[in-house]
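Below are the chains, spelled out letter by letter.
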Amino acid sequence: MKLFLPLLSTTILLIKVTCDPIQQGQGGQAQNAVLNGQNGIHDSELNKVNNDQKLSNQGVASVTKAPKRRKRKKHRNVSVPKENIPNAGVRAPNPADIKDPVFNVQDIVKKAKEDSLKETTQNRGVPQVKMIQDVQQNKVEGIPVQAFTADQKAKNVVVGGDINNQNVVKEGNQAANQINGLQSQDSQNNAKVPAANANSYDQVANNLNNVHQERPGMKDSLKIVWDWSDFLINYETYVMPEQKNRRAPQATTGEPWPMPQYYVAKANKVYRIDKDKFRFNIVKESCDIIERAVERYRDMIIEDTIMDMYNNLQHAQGTSIRDVSLKYNDDIYVKAEAVQVVNIKIRRPCTKFPNDQMDESYDVFVKKSGSYIWANEVWGALRGLETFSQLVFRGTDNVLYIKDTVINDYPRFPHRGIHIDSSRHYVFKEVIYDVLEGMAQNKMNVMHWHIVDDQSFPYQSKAFPELSEKGAYHPSFVYTPEDIADIIEYARMRGIRVMPEFDTPGHTYSWGLSHPEHMTQCYQGAHPVSGYLGPLDPSKNSTYRFLKTLFNEVLHVFPDQYIHLGGDEVPMTCWSSNPDVLKLLNQLNGKPNEPINLQNVDPYMYSYDIRKVLEYYEQRLTQDIKDIARNRKNGVRMVMWQEIMNNNIQLPNDTIIQIWQGDMGDVQRAIDMGYHALYSTCWYLDLIEYGTKWPKYYMCDPADTSMGYQIDEKKVLGGEAALWAEYIDNENLISTLWPRASAPAERLWSSKDVRDVEAAGKRLQEHRCRMLSRGLTVGQISGPDYCLRRGHRRDGERVQNCTGSRCNLVQIEKFNFHVQQRGRGMAECNQMLAQGGSMVTALLLILVLGAVIFSLKMSGTRIVQLKVCRNRSIFLSFILLIVIYFMCYTSLWMQVQEFKGSFEKRIKSYSDPRYS
């Protein structure tokens, strides 16, 4: 103990000497020596100097950057000439003072664009004194569009020239005062560097860390960034492999997906949604589509809007994430004015079905003077409603808010599709509804339905019912005409087209289960292979009559102008082995009398000439379909997979080629051949990979010209995200499809220049939680995260998971029934006793008890003699319980009750004057 106390006091003294603050007046030369000797340590926390200019790139103009080579003189504020500061000395107009004429869209958009351009084009070379950070600009047709981030504590986002922060004037002045205070303290701290321990780098680092901990508003070191494979927590000054901590980005609040073409939101101007009085008001053209949509979206807004996301990283050191609940105490939210009505104006009358020429453009305005959604057609109004619903967010005070917003939006491509496969695995109607619901929430407009294939034929045909009777997996796993009509109607209400695919001549094995006569018999040498049926037989006229009848029905069941005819992966080796097909080939080559030698046919190879048979088949089929569609208002357009193009098949120029195997070179070739193109190569979502892989979907472009291709974007209709179902079924279809398909959804809708993965990751994180809240069982997207709640669907349009006549709904109104059952329980017996209060019941009970008591009195001496029980009352109770149990167990009581009811009914009938 004597030795311990001196050692302890010595240790405390050493710690005090080592860790004491830097003393004043002890050599700025020592600090210079340290700073010059170690490049990794700098005084950015004291002087706001950032040598790598990251803060400058993020838009931090309020902190004046000091030169790298500087003299150790007294620090001073670097002033900027007032004439070089945009709008210096001029009070910015209050957004609330701007009078917005109702539906004056051109003036509103023009004014917002001018303000945005003015803010970003004036004096680009002069540092602008504003408390802003993390500005990420993208050019959209000459309009700067801000990609928002989630750093809210020290990163105040500017959108269209408006500072995205609460109480901007107050906090801006406070931040400016803090910076001036820091700069004035810098001059004092320069004189506080001790002469002793001048070479102690650790001491200087510790001092800088102390400053970092004590002073608010310092540069943040903890960030969530994107690397080549996933999102992770990164530290600004220290990145090592063992520090890799996967973490999904912090979700944004009230941001749309996909990103609109022009979007300006003011976070310092917020309105409150009045839950009780909020409604949509249709002021001009109306129809069932928009009327049902406003009911649907009002429920989504009131019930399913997600809450501002809490993040536990707000407790980490060096974090830039603030407690989201604090901002809802500011006057911006507390005194927010209420939005009760959103006016919807549609200029043109509604069309019944969506089409490839529909106008999906819209404008959204949320202003003090009013809130509006304006569209040329009802389909644009649907997209505007979806965007408006995404702008609404729920505060931690459980109040709904929306920012002051101006949006002018339209899709980049007219064809934005999701491909589903119901042949490999039968997909229930309920799941197809969820697919359509997810498409509406991502502004996709074409469901490509690969309905039949080799494995099964679930389409129920009226002309050929045997196709599904023998070709479906199960007799109940079919899509009746009523089922298909329900799905098309559900899609119509959401502005989604349904394009069916009947893939021929290949992928038709299930067709042959009921119609083998239309299939090609494959041969091995000169002998047919029993049961080995290849593609449809192109040499028989009966095949084309069968197809013409089938497609005539299909074009009446599916009203969309487009139909997909497949044409991929045709097993032409079977054709090459069949003598009838070879005869057809000889006729096409002008050699009808040339003999056929099947012994020389290679079963693993086929000649180039056999492709002429494929061309003959496709040309004859497409001509028949065009003849069928002559009576349709818009005719028909056919889509085929790219093998048709690869085999140099000559088809009508209005044919659409879907690229799924190649790159931009194949897109260019399809356009050069006179076709329109759809792109799907990079969007095969059934190819599952570990990790965060949506960025590769996000960066893929169906009209990419970065490799030197001169692609005419007008010839590219768009693209589709494909989900083939070999290993996808009802249980995992939605979680595999969404939100991964949201990445191609934004690529197909938004501007080509919207490509910031980190900014998109934050918005996508919010969008994932939003889809979950609306009842879709979507999957993961960016790694470890959470969503606050999963919603429940309340859509009245949805039906039970059944199809057609198998939906047997029973409605029970009122009925009476009698039940006889032996062995009722004592509880039920007691209930019967409580209900039996009539004189007949009481009389019967008295008679039974009297009989029991009389018998006991007569045998009382015997009971005493036998010494069965000395207490007669206990024995009587026991006997009574046995009698009651016997009456219940043998259903005697029920019979007595039934007799009583029959007796009372008969007495009542005798007293009825109708029987007198």
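The structure displayed is predicted, hence computed values, not measured ones.

> For the overall build of the protein, give the residues involved together with the corresponding values.
Along the protein, the regular secondary structure elements total 28 helices and 25 strands. Relative to its full complement of 916 residues, the protein shows a buried share of 50%. Considering only contacts within the protein whose residues lie at least 6 apart along the sequence, 75% involve residues at least 24 apart. Only carbon and sulfur atoms are counted for the fraction: they give 53% of the accessible area of the protein, which is about 45300 Å².

> Break down helix α11 (residues 429–441) for me, with residues and values.
For α11, spanning 13 residues, the distance from its first C-alpha to its last is 18 Å, which sits close to the expected 18 Å at 1.5 Å a residue. A large share of α11 lies buried, amounting to 12 of its 13 residues. All of the buried residues along α11 are K429, V431, I432, Y433, D434, V435, L436, E437, G438, M439, A440 and Q441. Phi turns positive one or two residues past the end of α11, at K443, with a value near 60 degrees.

> Please give an account of the sheet that holds strand β7 (residues 245–246) that cites residues and values.
Strand order in the open sheet formed by three strands is β5-β6-β7, and the pairing between neighbours is antiparallel. In the strand order of this sheet, the two ends are held by β5 (222–226) and β7, each with one partner. When strand β6 (residues 231–235) meets β7, the two strands line up antiparallel, connected through two bridges. Bridged to L232 within β7 is R246. Here helix α23 (residues 757–773) sits on the sheet and contacts β5 and β6; the angle it forms with β5, its principal contact strand, is near 100 degrees.

> An account of the pairing of strand β23 (residues 656–659) is needed here, citing residue identities and associated values.
On a regular strand, each side chain points to the face opposite its neighbour's, so the side chains alternate between the two faces of the sheet. Residues I656 and Q658 line one face of β23 and the alternating positions I657 and I659 line the opposite face, and both faces are buried. One ladder, built from three bridges, connects strand β22 (residues 637–641) with β23; its direction is parallel. Bridge pairing links W641 to Q658 in β23. Sheet analysis places β23 next to strand β24 (residues 676–679), joined by four bridges and oriented parallel. Of the residues in β24, the one forming a bridge with I657 is A677. Between the parallel pair β23 and β24, the chain is carried across by helix α19 (residues 664–672), and the sense of this crossover is right-handed.

> For the side chain of R492, give the residues involved together with the corresponding values.
Considering the arrangement of structural elements, one finds R492 in helix α13 (residues 481–492). Not counting residues within four places of it along the chain, the set of residues in contact with R492 comprises D288, I289, K352, F353, P354 and W379.

> Can you explain the nonpolar core? Please cite residues and give values.
If you look at the biggest cluster of nonpolar residues, it comprises 154 residues, and the most contacted ones within it are F280, F388, M447 and W449. By residue number, the principal contributor to this core is helix α8 (residues 288–304), which donates eight residues. Apart from the residues within four sequence positions on either side, W449 is in contact with I420, S422, I432, Y479, I484, I487, V498, M499, P500, E501 and F558.

> Account for the pairing of strand β17 (residues 446–450), with residues named and values stated.
Counting buried residues in β17 gives five out of five residues, a clear majority hidden from the surface. Here β17 shows a buried face lined by V446, H448 and H450 and a second buried face lined by M447 and W449. Bridge analysis of strand β16 (residues 415–421) against β17 gives five bridges, and the strand direction is parallel. Within β17, the residue paired with I420 across the bridge is W449. Pairing of β17 with strand β18 (residues 497–504), which is carried by five bridges, proceeds in the parallel orientation. Residue pairing for β18: M447 is matched across the bridge by V498.

> How would you explain helix α14 (residues 541–557) if you had to name every residue and give the values?
With 17 residues, α14 extends 25 Å from end C-alpha to end C-alpha; this agrees with the ideal 24 Å at 1.5 Å per step. For α14, the full list of buried residues reads T543, Y544, F546, L547, L550, F551, E553, V554 and L555. Each element contacted by the buried residues of α14 is listed here: α12 (466–471), β18, β20 (527–536), β21 (562–566) and α17 (611–628).

> Explain the sheet that holds β21 residue by residue, including any values.
With respect to topology, eight strands assemble into a closed barrel ordered β16-β17-β18-β21-β22-β23-β24-β25, the strand pairing being parallel. Each strand of the sheet is rotated relative to its neighbour by a mean of 30 degrees, with strand direction disregarded. Sheet topology places β21 next to β22; four bridges connect them, and they run parallel. Along β22, the bridge assignment pairs G566 with M640.

> I'd like a description of the packing of aromatic side chains, backed by residues and values.
Under the definition given, this model contains 31 aromatic pairs. For the pair W449 and F558, a centre-to-centre distance of 6.2 Å together with 80 degrees between the ring planes defines the contact as edge-to-face. Of this pair, W449 sits in strand β17 while F558 is found in the loop between α14 and β21, placing the two residues 109 residues apart along the sequence. Residue classification places W449 among the buried residues on the basis of a relative accessible area of 0%.

> Describe the confidence of the model for the protein, with residues and values.
Summarising the model, the protein shows a mean pLDDT of 76, and 61% of its residues fall at 70 or more. Ignoring residues within four places in sequence, the model shows residues 10–103, a span with pLDDT below 50, making 138 contacts including any to other chains. Low confidence marks residues 120–218, where pLDDT is under 50. Its contacts with residues over four positions away, or in another chain, come to 214 contacts.

> Quick one: what's the story with the state of the cysteines, residue by residue and with numbers?
Tallying each qualifying case throughout the model produces four disulfides. The side chain of C522 participates in a disulfide bridge whose partner is C574; the two sulfur atoms lie 1.9 Å from each other. Given an S-S torsion of about -105 degrees, the disulfide between C522 and C574 has left-handed geometry. Of this pair, C522 sits in strand β19 (residues 519–524) while C574 sits in helix α15 (residues 572–577), placing them 52 residues apart in sequence.

> Could you give an account of a nonpolar patch on the surface, naming the residues involved and the relevant values?
Taken together, the side chains of Y310, Y786 and L788 make up a nonpolar region of the molecular surface, amounting to roughly 310 Å² of accessible area. Structurally, the position occupied by Y786 is in the loop between α23 and α24 (826–835). Here Y786 falls in the partly exposed class, since its relative accessible area comes to 36%.

> Account for the pattern of salt bridges, naming residues and giving values.
In this structure the tally under the stated criterion is 30 salt bridges. Residues D404 and K367 are paired through a salt bridge, measuring 3.2 Å at the closest nitrogen-oxygen approach. Here K367 lies in strand β12 (residues 362–367) and D404 lies in strand β15 (residues 400–409), a separation of 37 residues in the sequence.

> Go over a negative patch on the surface with me, naming the residues and quoting the values.
Taken together, the side chains of E291, E295, D299 and E303 present a region of like negative charge at the surface. Here D299 shows up in helix α8. Here D299 falls in the partly exposed class, since its relative accessible area comes to 34%.

> Residue-level account of the environment of W749, with values.
Within the secondary structure layout, W749 lies in helix α22 (residues 742–749). Overall, W749 belongs to the buried group, its relative accessible area being 0%. Between the alpha carbons of W749 and H415 there is a distance of 9.4 Å; along the sequence they are 334 residues apart. Not counting residues up to four positions away in its chain, the partners in contact with W749 are P258, M259, Q261, E360, Y362, R383, D409, Y410, P411, R412, R416 and K443.

> Break down the packing of α11 against α13 for me, citing the residues and quoting the values.
A pair of packed helices can be characterised by two numbers: the angle between their axes and the separation between those axes. In the contact formed by α11 and α13, the axes pass within 10 Å of each other and the chain directions differ by 20 degrees. One way to sum up the angle between α11 and α13 is to call them roughly parallel. Between α11 and α13 lies a crossing whose hand is right-handed. Listed contacts from α13 to K429, I432, Y433, L436 and E437 of α11 are D483, D486, I487, Y490 and A491. Among the residues forming the contact of α11 with α13, the class breakdown is six nonpolar, no polar and four charged.

Conventions we followed
- Residues numbered from 1 in each chain as written.
- Predicted model: local features only at pLDDT ≥ 70, side-chain atom pairs only at ≥ 80, totals over all residues.
- Heavy atoms only, no water.
- Helix = DSSP H or I, 4+ residues; strand = E, 2+ residues; numbered from the N terminus.
- Buried < 20%, exposed > 50% of the residue type's maximum accessible area, 1.4 Å probe, protein only.
- Contact = heavy atoms within 4.5 Å.
- Areas by Shrake-Rupley, 256 points an atom, 1.4 Å probe, with all protein chains shown as cover.
- Expected span 1.5 Å × (residues − 1).
- Pairing = 2+ DSSP bridges.
- Axes fitted to C-alpha atoms, helices over the stretch in contact; angles between N-to-C directions.
- Right-handed = clockwise from strand over helix to strand, strands pointing away.
- Core = buried A, V, L, I, M, F, W, Y, C linked by side-chain atoms within 4.5 Å.
- Phe/Tyr/Trp six-rings, centres within 6.5 Å; stacked < 30°, edge-to-face > 60°.
- pLDDT = per-residue confidence, 0-100.
- Disulfide = S-S within 2.5 Å.
- Patch = residues over 30% accessible without salt bridge, like charges linked within 9 Å, V, L, I, M, F, W, Y side chains within 5 Å.
- Salt bridge = Lys/Arg side-chain N within 4 Å of Asp/Glu carboxyl O.
- Lys, Arg positive; Asp, Glu negative; His and termini not counted.
- Charge placed at Lys NZ, Arg CZ, Asp CG, Glu CD.
- Parallel < 35°, antiparallel > 145°, perpendicular 65-115°, else oblique.
- Left-handed = near helix turned anticlockwise from the far one by under 90°.
- Nonpolar A, V, L, I, M, F, W, Y, C, P; charged D, E, K, R; others polar.

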